[in-house]
Amino acid sequence: MKKRIDFFQKLTRTDVRDVIFFLTVPPEEAVDRIERRIQAESSGKSSSLRPKWKYMHENVEDLTNIQNEYDSALEEIKRRANPKIITIDTSDRSQEEVSTYVTDVLKACLEKKRITPIPVFTAS
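Each chain has its residues counted from 1, following the order in which its sequence is written. A pLDDT threshold of at least 70 governs which residues receive local features in this predicted model, and a stricter bar of 80 or more applies before side-chain atom pairs are shown or counted, although totals over entire chains, interfaces and linings include all residues. Only hydrogens and water are set aside when side-chain values are computed; all heavy atoms of the structure are taken into account.

**Student:** Teacher, can you tell me more about unusual backbone geometry here?
**Tutor:** The general pattern is negative phi for most residues beyond glycine and trans for most peptide bonds. Unusually for a residue other than glycine, R13 sits at a positive phi of about 55°. By secondary structure assignment, the location of R13 is in the loop between α1 (2–12) and β1 (19–24). Elements are defined by DSSP. Helices are runs of H or I of four residues or more, strands are runs of E of two residues or more, and each kind is numbered from the N terminus.

**Student:** Explain a negative patch on the surface to me, please; I cannot follow it from the model alone.
**Tutor:** Taken together, the side chains of D89, D92, E96 and E97 define an acidic patch exposed on the protein surface. The classification of residues rests on relative accessible area computed with a 1.4 Å probe and restricted to protein chains. Under 20% of the type maximum is buried, over 50% is exposed, and intermediate values are partly exposed. Exposure remark for D89: the relative accessible area of 38% places this residue in the partly exposed category. Patch rule: a residue counts if its relative accessible area is over 30% and it has no salt bridge; like charges are joined within 9 Å, and nonpolar side chains (Val, Leu, Ile, Met, Phe, Trp, Tyr) within 5 Å. Every accessible area reported is derived by Shrake-Rupley at a probe size of 1.4 Å, with residue values counting cover from the shown protein chains alone. Note on definitions: salt bridges are taken to be side-chain nitrogens of Lys or Arg within 4 Å of carboxyl oxygens of Asp or Glu. We count Lys and Arg on the positive side and Asp and Glu on the negative side, and we leave His and both chain ends out. Here the site of a charge means atom NZ of a Lys, CZ of an Arg, CG of an Asp or CD of a Glu.

**Student:** When you look at the environment of F22 in this model, what are you seeing that I'm missing?
**Tutor:** In this structure, F22 sits in strand β1. Residue F22 is classed as buried on the basis of its relative accessible area of 9%. When near neighbours in sequence (up to four residues on either side) are disregarded, F22 contacts Q67, Y70, D71, L74, I86, T87 and I88. The contact criterion used throughout is that any non-hydrogen atoms of two residues lie within 4.5 Å.

**Student:** Would you take a moment to explain the packing of aromatic side chains for this structure?
**Tutor:** The relative placement of two aromatic rings is captured by the distance of their centres and the angle of their planes. In summary, the pairing rule links any two rings of Phe, Tyr or Trp, Trp by its six-membered ring, whose centres are within 6.5 Å, and it sorts them by plane angle into stacked for under 30 degrees, edge-to-face for over 60 and tilted for everything else. The full count for this structure, using the stated rule, is one aromatic pair. Here F22 and Y70 contribute two aromatic rings whose centre-to-centre distance is 5.6 Å and whose plane-to-plane angle is 45°, an arrangement assigned as tilted. Pair noted here: F22 is in strand β1 and Y70 is in helix α3 (residues 60–80), with a separation of 48 residues, a long-range link. Positioned above the aromatic ring of Y101, the side-chain terminus of R93 is 5.9 Å from the ring centre. Placement of a charge over a ring requires the Lys NZ or Arg CZ to be within 6 Å of the ring centre, with the centre-to-atom vector within 35 degrees of the ring normal.

This is the structure in C-alpha cells:
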C-alpha cells in the first residue's frame, strides 16, 4: 500500500489532505443498488449511459475486498499525516444529505483556517 500511495502522490503531485471523506455502504446493499439500477435501465426508467459490462465484477466478495483495500490505504495515510478522516455510511442517507454534510464540514474547516471559499456562480 505504501508504494501505491507514493506512486499516486508522485503522479498527482499532491500531499495528504487535511480532511478525507470516506463514503461507504455495505457490499450487500451496493449489489442491491446495482441490480436496481440495471433493472431501471433495462426498463427504460433511467437514462444512465453506463455500459452494462461495468457491473460484471461488482459482487459482494469483490466489494468486500475493495473495502479492505481502502481501509489499508487510510491506515497508511494516518501513519504519514494527521488528517481528519470522516467515514460516512451512506446506507440510509440521500445524496443531498451526504453532500450537505460534506459541504458543512468543509466550510467549518475553511473558517478555522480563515480561508474564504471562492463563490461559485452558475450560468442561467
